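Chain and residue survey
Letter by letter, the chains look like this.
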Amino acid sequence: MDPGWMLLSLFMLIETLLVAVLIMPMPSNKIRGLMVDGIRHVWNTYPNLRYIAALMLTLNAYYFYNSMHYLYFSDRYEHSEIKDTKTRMFREQRNAYLTGFGIGLFFVLNRLMDLHTQLYDARNVQKEQEKKTQ
């Protein structure tokens, strides 16, 4: 297996786990706060993590471009057998789907973090207002 694909697979697995945790229903705002603060703390404490995420997103985009370029713009029927060409096309199509989903997951993860942070802050403000009115 190509080391780039192994890194992308590992990164996509981590993204999938984080998205799964973020879409689970939270029983209380306190648990949401612990989760949001924990993820935010790790993200802000280790700046290399941000660089790695940006590198993985760039690698994902590069592989996506290569797959789409082969599928749409290459002269794939020259100097090859039909069976080999179909196999390579299926592989490139699979790679395009995987990289596309990885890119999409990255943006979904960022948006979910924003939504959870906003929801946590809004519920804290609401609780403070309820305490003041009582």
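Let me begin by describing the structure that accompanies this report. (Residues numbered from 1 in each chain as written. Predicted model: local features only at pLDDT ≥ 70, side-chain atom pairs only at ≥ 80, totals over all residues. Heavy atoms only, no water.)

1. Topic: a nonpolar patch on the surface
What counts, and what does not: Exposure above 30% relative accessible area and the lack of any salt bridge qualify a residue for a patch; like charges then connect within 9 Å, and the nonpolar side chains Val, Leu, Ile, Met, Phe, Trp and Tyr within 5 Å. Throughout, the Shrake-Rupley method with a 1.4 Å probe supplies accessible areas, and for residues the shown protein chains are the sole cover considered. When a carboxyl oxygen of Asp or Glu is within 4 Å of a side-chain nitrogen of Lys or Arg, the pair counts as a salt bridge. Each helix corresponds to a stretch of at least 4 residues labelled H or I by DSSP, and each strand to a stretch of at least 2 residues labelled E; elements are numbered beginning at the N terminus.
Together, Leu10, Leu13, Ile14, Leu17 and Leu18 make up an exposed nonpolar region whose accessible area comes to about 450 Å². You can see leucine 17 is positioned in helix H1 (residues 3–23).

2. Observations concerning the pattern of salt bridges
Convention followed: The buried label applies to any residue whose accessible area, calculated with a 1.4 Å probe on protein chains only, is under 20% of its type's maximum; exposed applies above 50%, and partly exposed to all values in between.
The full count for this structure, using the stated rule, is 2 salt bridges. Here aspartate 37 makes a salt bridge to arginine 40, at a shortest N to O gap of 3.8 Å. Taken together, the positions of aspartate 37 and arginine 40, both in helix H2 (residues 29–45) and 3 residues apart, correspond to about one turn of that helix. For arginine 40, a relative accessible area of 33% translates into the label partly exposed. Measuring nitrogen to oxygen at the nearest pair gives 3.4 Å for the salt bridge that ties arginine 88 to glutamate 92. Of the two residues, arginine 88 and glutamate 92 both sit in helix H4 (residues 82–133), 4 residues apart, roughly one turn of that helix. Note on arginine 88: relative accessible area 36%, which makes it partly exposed. For glutamate 92, a relative accessible area of 10% gives the class buried.

3. A word on the packing of aromatic side chains
Convention followed: Classification of ring pairs uses Phe, Tyr and Trp, with its six-membered ring standing for Trp, and accepts pairs whose centres are within 6.5 Å; under 30 degrees between planes counts as stacked, over 60 as edge-to-face, and the remaining range as tilted. Whether a charge lies above a ring is judged from NZ of Lys or CZ of Arg, which has to be within 6 Å of the ring centre and within 35 degrees of the ring normal.
Tallied over the full model, the rule gives 4 aromatic pairs. Between tryptophan 5 and tyrosine 63 the ring centres are 4.7 Å apart and the planes differ by 5 degrees, which places this aromatic pair in the stacked class. Here tyrosine 63 lies in helix H3 (residues 47–73) and tryptophan 5 lies in helix H1, a separation of 58 residues in the sequence. Accessibility classification places tryptophan 5 together with tyrosine 63 in one group, the buried group. Relative to tyrosine 63, the ring of tyrosine 62 has its centre 5.9 Å away and its plane inclined at 45 degrees; by these criteria the two rings are tilted. Using a relative accessible area of 48% as the deciding quantity, one classes tyrosine 62 as partly exposed. Here the aromatic residues Trp5, Tyr62 and Tyr63 are joined through ring pairs into a cluster of three or more. Against the face of tyrosine 70 rests arginine 88, its NZ or CZ located 4.1 Å from the ring centre.

4. Some thoughts on a positive patch on the surface
Formally: Counting rule for charge: Lys and Arg are taken as positive, Asp and Glu as negative, and neither His nor the chain ends is counted. Charge positions come from single atoms, namely NZ of Lys, CZ of Arg, CG of Asp or CD of Glu.
Together, Lys30, Arg123, Lys127 and Lys131 give the surface a local cluster of positive charge. For the positive patch, the leading source of residues is H4, giving 3 residues. With respect to the secondary-structure elements, lysine 30 resides in helix H2.

5. Describing the nonpolar core
For clarity, the cut-off: In these notes, a set of buried Ala, Val, Leu, Ile, Met, Phe, Trp, Tyr and Cys residues joined through side-chain atoms within 4.5 Å is what counts as a nonpolar core.
Of all hydrophobic cores here, the largest spans 10 residues; its members are Met12, Val19, Leu22, Met26, Met35, Val36, Leu105, Leu109, Leu112 and Met113. In terms of residue count, the dominant contributor to this core is H4 (4 residues). Leu8, Ala53, Tyr63 and Phe106 belong to the second-largest nonpolar core, a separate cluster that totals 7 residues.

6. A closer look at the packing of H1 against H3
Note the following rule: Think of each axis as a best-fit line through the C-alpha atoms, taken over the contacting stretch in the case of a helix, with angles from 0 to 180 degrees between the N-to-C directions. Angles are sorted into four bins: roughly parallel if under 35 degrees, roughly antiparallel if over 145, roughly perpendicular if 65 to 115, and oblique for all others. In this scheme the handedness of a crossing depends on how the near helix is turned from the far one: anticlockwise by less than a right angle means left-handed, clockwise means right-handed. A contact between two residues is defined here by any heavy atoms of the two lying within 4.5 Å.
Axis separation between H1 and H3 bottoms out at 10 Å; the angle between their running directions is 120 degrees. As the angle between them shows, H1 and H3 are arranged oblique. Judged by the sense of rotation from one axis to the other, the crossing of H1 with H3 is left-handed. Judged by residue contacts, Gly4, Trp5, Leu7, Leu8 and Phe11 of H1 engage Ala53, Met56, Leu59, Asn60 and Tyr63 from H3.

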